[in-house]
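Descriptive analysis of the structure
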Amino acid sequence: MAEITVNLPQGAYGIHIMPGAIQRIGQLMRNLGMQGMALVVSDENVGALYGAAVLHSLTECGCKAELICVPPGEGSKSLGVAMELYTKAVTMGLDRRSPVIALGGGVVGDLAGFVAATYLRGVPFIQIPTTLLAMVDSSVGGKVAVNHELGKNLIGAFYQPRLVVADLDVLSTLPERELIAGLAEVIKYGAIHDTDFFNYLNRNCAALMKKEEGVLTEVISRCCRSKAWVVEQDEKENNLRMILNFGHTIGHAIEAETDYTGYRHGEAVAVGMYAASLISRELGLCTSQTVEAMREIIQRFSLPLTARECSPERLMTFLKRDKKSVDNVVQWVLIQAPGEVVIERGVNEAVLRSVLEQIT
Ligand code: ADP
Ligand code: ZN
């Protein structure tokens, strides 16, 4: 079991990592002084598996809780589905002190967080992430959003949770592909600023794939600590937080090029990290050894290095529209060595083209 505190100017919150944590959600909430009502938002898969346990724990602590399940998948991150959740909140009489609880992966976390941030100008928000990706990444840091038909996450806010509860037991039902996709973000933390952790992952790959509890606890808590540290320095992504986008510039382009159906987010990020290392070598920022280290770790975790069905031309078009551009110049996170990254404004188009050819 581990507990991590995220300290931000508007208040601190805890991340509790332990097996069986969802059975204690009612108590953890009560410890924070939240009582009365709660709206639990989940998707149909996760709700069927864990909704009852969460409701039970809440009711046992005297909370009047209701569960609403949305269809699984990115399609639920819409203003239409958010509206259904607002309607539910109004009809059950959810007031300003009552939390919205997200029980699910990144999709549910982003959607429920967006509703928590906006309903009654903001009600308490609790995250119960159920995918590895959500545990190590999206549930910490306070980015919440829904999609617009012209782009992902275009409507959102920075809104921090009051509590994050990562229950390792729920990972037992997580499909293997989702686990592996989450591991791409785990590798990212090692690559951006923790050489020791990068080596630890290389040594503990088999244990992680088998979801061994000790290794999972270590990995999730190290990633949460890393993310908390970055977010504490730069909550609104003016500077340091950008390093979390390592692998994401090309990753996002691959996701968009394949209509968000070909690759899981983490898989696209894996290709993006490898591509970033190739760009870094072309620019003389790193040696072939670093490229090899990235290639090896990505392959060791059964993640992809290439996106063969993508065309370099179309990827290039998506890159030019990158949401994170400043004055139309893409901010690239490039790698010098495992554990060390740098931010570069713009990359020569010929270099980019040659790397895109190699990964497609
Ligand atoms: P991400 O965290 O990668 O954004 P999603 O929210 O899209 O993930 O969830 C990925 C898929 O995994 C969804 O179909 C979801 O219902 C399912 N899922 C999430 N958590 C679990 C779990 N603990 N057990 C089984 N299925 C899960
Ligand atoms: Zn990501």
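Thresholds, definitions, all that
Residues numbered from 1 in each chain as written. Chains lettered and ligands numbered in written order. Predicted model: local features only at pLDDT ≥ 70, side-chain atom pairs only at ≥ 80, totals over all residues. Heavy atoms only, no water. Donors = N, O, S within 2.8 Å, 3.2 Å for Na, K, Ca; no water. Helix = DSSP H or I, 4+ residues; strand = E, 2+ residues; numbered from the N terminus. Buried < 20%, exposed > 50% of the residue type's maximum accessible area, 1.4 Å probe, protein only. Core = buried A, V, L, I, M, F, W, Y, C linked by side-chain atoms within 4.5 Å. Domains from an automatic or database assignment. Contact = heavy atoms within 4.5 Å. Near = heavy atom within 4 Å. Polar contact = N/O pair within 3.5 Å; in protein donor to acceptor, adjacent residues only side chain to side chain. Areas by Shrake-Rupley, 256 points an atom, 1.4 Å probe, with all protein chains shown as cover. Nonpolar A, V, L, I, M, F, W, Y, C, P; charged D, E, K, R; others polar. Arc of directions from axis to C-beta. Expected span 1.5 Å × (residues − 1). Salt bridge = Lys/Arg side-chain N within 4 Å of Asp/Glu carboxyl O. Pairing = 2+ DSSP bridges. Axes fitted to C-alpha atoms, helices over the stretch in contact; angles between N-to-C directions. Buried area = accessible area lost by both parts, 1.4 Å probe.

Bringing the coordination of the zinc ion (ligand 2) into the picture now. Where a metal carries four tetrahedral donors, each ideal angle is 109.5 degrees; where it carries six octahedral donors, the ideal angles are 90 or 180 degrees. Bound to the zinc ion (ligand 2) on the protein side are Glu 185 (OE), His 248 (NE2) and His 265 (NE2), at distances that span 1.9 to 2.1 Å. Going along the chain, you hit the donors of the zinc ion (ligand 2) in the pattern E-x62-H-x16-H. Note that His 248 is positioned in helix α10 (residues 248-257) and His 265 in helix α11 (residues 265-282), a separation of 17 residues in sequence. A residue is classified by how much of its surface remains accessible, and His 248, at 7% relative accessible area, is buried.

Residues Leu 58, Leu 201 and Phe 246 are the most contacted members of the largest nonpolar core, which totals 108 residues. The dominant element in this core, judged by the number of residues it contributes, is α11, at ten residues. A domain-level breakdown of this core finds at least three residues from each of domain 1 (2-173) and domain 2 (176-359). Ignoring any residue separated from it by four or fewer positions in sequence, one finds Phe 246 in contact with Lys 188, Ala 191, Ile 192, Val 269, Met 273, Ala 276, Met 294, Val 333, Ile 335 and Val 341. Core analysis: the next-biggest nonpolar cluster, separate from the first, contains 26 residues, Met 37, Leu 111, Val 123 and Val 146 among them.

In the vicinity of ligand 1 there are 18 residues, among which Asp 43, Gly 106, Thr 130, Thr 131 and Thr 173 approach most closely. Here an oxygen atom of ligand 1 and a side-chain polar atom of Thr 131 are 2.7 Å apart. In isolation ligand 1 offers 560 Å² of accessible surface; the protein chains occlude 87% of this area. Elements represented by at least two residues in the shell around ligand 1 include exactly α2 (44-60) and α4 (106-118). With four residues, α2 is the single largest residue contributor to the shell around ligand 1. In terms of residue class, the shell around ligand 1 is built from nine nonpolar, six polar and three charged.

A few words on helix α13 (residues 312-320). Among the residues of α13, those classed as buried are Pro 312, Leu 315, Met 316, Phe 318 and Leu 319. In an axial view of α13, the angular spread of the buried residues amounts to 165°, which keeps them on one side of the axis. Taken together, the buried residues of α13 touch α10, β10 (331-337) and α14 (349-359).

Taking 1.5 Å per residue, 18 residues should reach 26 Å; α11 reaches 26 Å between its end C-alpha atoms and fits that length. Counting buried positions over the 18 residues of α11 gives 16, a clear majority of the element. After α11 finishes, the residue Gly 284 shows a positive phi value of roughly 75°.

Look at Leu 120: it is not a glycine, yet its phi comes out positive at around 50°. Turning to its location among the elements, Leu 120 is positioned in the loop between α4 and β6 (125-129). Leu 120 gets classed as partly exposed once you look at its relative accessible area, which sits at 32%. Of note, Arg 121 is a non-glycine position whose phi angle comes to about 60°, a positive value. Looking at the element boundaries, Arg 121 is found in the loop between α4 and β6. Taking the relative accessible area as the measure of exposure, Arg 121 reaches 76% and is therefore exposed.

Attention now moves to the pattern of salt bridges. Here the idea is simple: oppositely charged side chains can pair when their charged atoms come close. This model, assessed by the stated rule, comprises 21 salt bridges. Taking the shortest distance from any N to any O, the salt bridge between Glu 237 and Lys 143 comes out at 2.7 Å. Pair noted here: Glu 237 is in the loop between α9 (213-233) and α10 and Lys 143 is in strand β7 (residues 143-148), with a separation of 94 residues, a long-range link. In this structure Glu 237 comes out as buried when scored by relative accessible area, which is 16%. Close ionic contact of Glu 257 with Arg 314 constitutes a salt bridge, the shortest N to O distance being 3.2 Å.

Looking at the element boundaries, Glu 176 is found in helix α6 (residues 176-193). Once the C-alpha coordinates of Glu 176 and Ala 228 are considered, the two residues, 52 residues apart in sequence, prove to be 26 Å apart.

An order of β1-β2-β9-β6-β5-β3-β4 is seen for the seven strands of this open sheet, with the pairing classed as mixed. Because the sheet does not close on itself, it has two edges, and the strands there are β1 (2-8) and β4 (64-70). For this sheet, the mean angle separating the axes of adjacent strands, direction not counted, is 15°. Where strand β3 (residues 37-43) and strand β5 (residues 100-104) come together, four bridges link them in parallel fashion. The partner of Leu 39 across the bridge, within β5, is Val 100. This element, α9, spans β1 and β2 (11-17) of the sheet and lies at about 10° to β1.

Let us look at the domain arrangement of the chain. Assigned domains of the chain: these are domain 1 (2-173) and domain 2 (176-359). One C-alpha centre belongs to domain 1, the other to domain 2; they are set 27 Å apart. Taken together, the contacts link 26 residues of domain 1 with 30 residues of domain 2. With both chains or domains summed, domain 1 and domain 2 bury close to 2500 Å², and 68% of this area falls on carbon and sulfur atoms. Considering only the side of domain 1, the residues that lose the most area to domain 2 are Leu 132, Val 136 and Phe 158, jointly responsible for 23% of the buried surface there. At the junction of domain 1 with domain 2, the criterion picks out four salt bridges. In this structure, the connection of domain 1 to domain 2 is made through ten residue pairs in polar contact (both at pLDDT 80 or more). Within the residue set of the side of domain 1 that touches domain 2, elements represented by two or more residues are β1, β2, α5 (132-138) and β8 (151-158).

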